Amino acid sequence: MQALLHAIATMELPTDARRIFHGRGGLHPGCEQWALDAYAPVLLLTSFKPVPEEELAAIGAALEQRWQQIGAGAPLNWVFQCRHEGRSDTRLMAGSVPEPHVVTENGTRYRVHVLKGQNHGLFLDMAEGRRWVHEHVAAHPERERGLKVLNLFAYTCAFSVVARQAGARQVLNLDMSSGALAIGQQNHQLNEISDGASFLAHDIFKTWGKITRGGPYHLVVVDPPSYQKGSFVATKDYAKLMRRLPELLRPGGHALLCLNAPELGQDFLQSQMQELAPELAFAGRVANPAVFADVSPERSLKVLVYRAPG
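Quick summary incoming for the structure in this document. (Residues numbered from 1 in each chain as written. Predicted model: local features only at pLDDT ≥ 70, side-chain atom pairs only at ≥ 80, totals over all residues. Heavy atoms only, no water.)

**As for the environment of Ile-20**
Our working definition: Helix numbering and strand numbering both begin at the N terminus, where a helix is a DSSP run of H or I of at least 4 residues and a strand a DSSP run of E of at least 2. What makes two residues a contact is simply this: any of their non-hydrogen atoms within 4.5 Å.
Tracing the backbone shows Ile-20 in strand 1 (residues 18-22). Those residues in contact with Ile-20, other than ones at most four positions away along the chain, are Met-11, Leu-36, Asp-37, Ala-38, Leu-43 and Val-291.

What follows is the structure, given as structure tokens:
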């Protein structure tokens, strides 16, 4: 775990939410199980294998030593989560976690929860996707007349927040989880943009009537789970979304297609889009944050941009 210890020994005081060490990318042999994230003022260490207590103690000592150098007298707050065989065990190792726990990313505020569950309210690997949405909306020639955005599988609505901040007039957020959408509403309130966003807790595949009536849209964001039993399985369900995209988009509108499944490469999306929505042109892939570099880009998060004709 020397690469992890080196990352700790050289890390700067985190202010924004971000990943500090990404062992999962395979670029640090022997550290594939480790991830270290900053949800300031809390550090979150995740292992995807069981960890001996002495190993965990060594990491804790390294964190404490570095924090004494960079923490400016503030206490070290850190949480450890072990994920193994579909289960997770989460422990507060030192300090405390604020409640509510609000973090920032590029000046935008988000509510997070690091002591429960495996999804903490903000996916750090999607930072560049959020940046792309903000820049795209801000630069859109029709922004003054009011952009309409559709955010599918909205989770806690981070895409909606940045779209509204950039000037989108209306964002429709859909997700099956009413709890996640409630946090999404809080995220809009935190950033003082409560108007202009709507929230619908419903199965997307049973809501096409409402979705279609709300369109057409200048931007459609599709960020589903890769595999969630009873909700969405990418290998069979993504195609259902792709078929709908042409009718949902305005002429010249854009779709942002996201896929976080290591076993499915970029071609999984591109080949199906070519077959099911050939009128939409591939416009490029959004790069992931540099810290999420992977030995195989095909294994990492895929974020693809498509454009409707017109």
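That was the structure; now back to the text.
**Some points on the packing of aromatic side chains**
As a reminder, the rule being used: Two rings from Phe, Tyr or Trp (for Trp, the six-membered ring) form a pair when their centres are within 6.5 Å of each other. A pair whose planes differ by under 30 degrees is stacked, one over 60 is edge-to-face, and the rest are tilted. With a 1.4 Å probe rolled over the protein chains alone, any residue whose accessible area is under 20% of its type maximum counts as buried; one over 50% counts as exposed, and the rest are partly exposed. Comment: the charge-over-ring label is applied if NZ (Lys) or CZ (Arg) is within 6 Å of the ring centre and within 35 degrees of the ring normal.
Across all of its chains, the model carries five aromatic pairs by this definition. Relative to Phe-232, the ring of Phe-205 lies with its centre 6.2 Å away and its plane at 10 degrees, an arrangement referred to as stacked. With Phe-205 in the loop between strand 10 (197-201) and helix 6 (208-213) and Phe-232 in strand 13 (residues 232-233), the pair connects residues that are 27 residues apart, well separated along the chain. Taken together, a centroid distance of 5.5 Å and an interplanar angle of 55 degrees make the contact between Phe-282 and Tyr-306 tilted. In this pair, Phe-282 sits in strand 15 (residues 281-285) while Tyr-306 sits in strand 16 (residues 302-307), placing the two residues 24 residues apart along the sequence. Residue classification places Tyr-306 among the buried positions, given a relative accessible area of 3%. Among the aromatic residues, those joined into a ring-pair cluster are Phe-153, Phe-205, Phe-232 and Tyr-238. Positioned above the aromatic ring of Phe-48 is the side chain of Arg-24, whose terminal nitrogen or guanidinium carbon lies 3.7 Å from the ring centre.

**Concerning the sheet that holds strand 2 (residues 34-39)**
Rules: A pair of strands is treated as paired once DSSP finds two or more bridges between them. Angles run from 0 to 180 degrees between N-to-C directions of axes, and those axes are lines fitted to C-alpha atoms, restricted for helices to the stretch in contact.
The strand order 1-2-3-4-5 describes an open sheet built from five strands, whose pairing is mixed. A strand with exactly one partner marks an edge of an open sheet, and here the two such strands are strand 1 and strand 5 (87-94). Along the sheet, successive strands turn relative to each other by an average axial angle of 20 degrees, direction set aside. Note: strand 2 against strand 3 (residues 42-47), six bridges, orientation antiparallel.

**Quick notes on the packing of helix 3 (residues 127-139) against helix 4 (residues 158-165)**
We apply this condition: Orientation is classified from the angle alone, with under 35 degrees giving roughly parallel, over 145 giving roughly antiparallel, 65 to 115 giving roughly perpendicular, and any other angle giving oblique. Crossings are assigned a handedness: left-handed for a near helix turned anticlockwise from the far helix by less than a right angle, right-handed for a clockwise turn.
Axis separation between helix 3 and helix 4 bottoms out at 8 Å; the angle between their running directions is 30 degrees. Judged on the interaxial angle alone, helix 4 and helix 3 are roughly parallel. Note on packing geometry: the crossing formed by helix 3 with helix 4 is right-handed. In this structure, helix 3 uses Gly-129, Arg-130, Val-133, His-134 and Val-137 to contact helix 4, whose residues at the interface are Ala-158, Phe-159, Val-162, Ala-163 and Gln-165.

**Here we look at the side chain of Asp-175**
In plain terms, the rule: Working convention for charge: Lys and Arg count positive, Asp and Glu count negative, and His plus the chain ends are omitted. We define a salt bridge as a side-chain nitrogen of Lys or Arg found within 4 Å of a carboxyl oxygen belonging to Asp or Glu. A 3.5 Å cut-off defines polar contacts: any pair of N or O atoms within that distance qualifies, except that in protein one atom must be a possible hydrogen donor and the other a possible acceptor, and neighbouring residues in sequence count only when both atoms are side-chain atoms.
With respect to the secondary-structure elements, Asp-175 resides in strand 9 (residues 170-175). Buried charge without a partner: Asp-175 forms no salt bridge, and the closest opposite charge is Arg-130, 13 Å away. A polar side-chain atom of Asp-175 sits 2.9 Å from the main-chain amide nitrogen of Ser-177. Contacts of Asp-175, omitting those with residues within four sequence positions, involve Phe-153, Ala-154, Tyr-155, Leu-181, Leu-200, Ala-201 and His-202.

**As for unusual backbone geometry**
Trans peptide bonds make up the majority, and among non-glycine residues the majority have a negative phi. Here the bond from Glu-99 into Pro-100 is cis, since omega is 0 degrees, no more than 30 degrees from zero. With respect to the element layout, Pro-100 can be found in the loop between strand 5 and strand 6 (101-105). Residue Pro-216 is reached from Gly-215 by a cis peptide bond, and omega for that bond is -5 degrees. On the secondary structure map, Pro-216 appears in the loop between helix 6 and strand 11 (217-222). The backbone of Ala-72 sits at a positive phi, close to 50 degrees, despite the residue not being glycine. Along the polypeptide, Ala-72 turns up in the loop between helix 2 (53-70) and strand 4 (78-84). The backbone of Cys-157 shows a phi angle near 70 degrees, a positive value even though the residue is not glycine.

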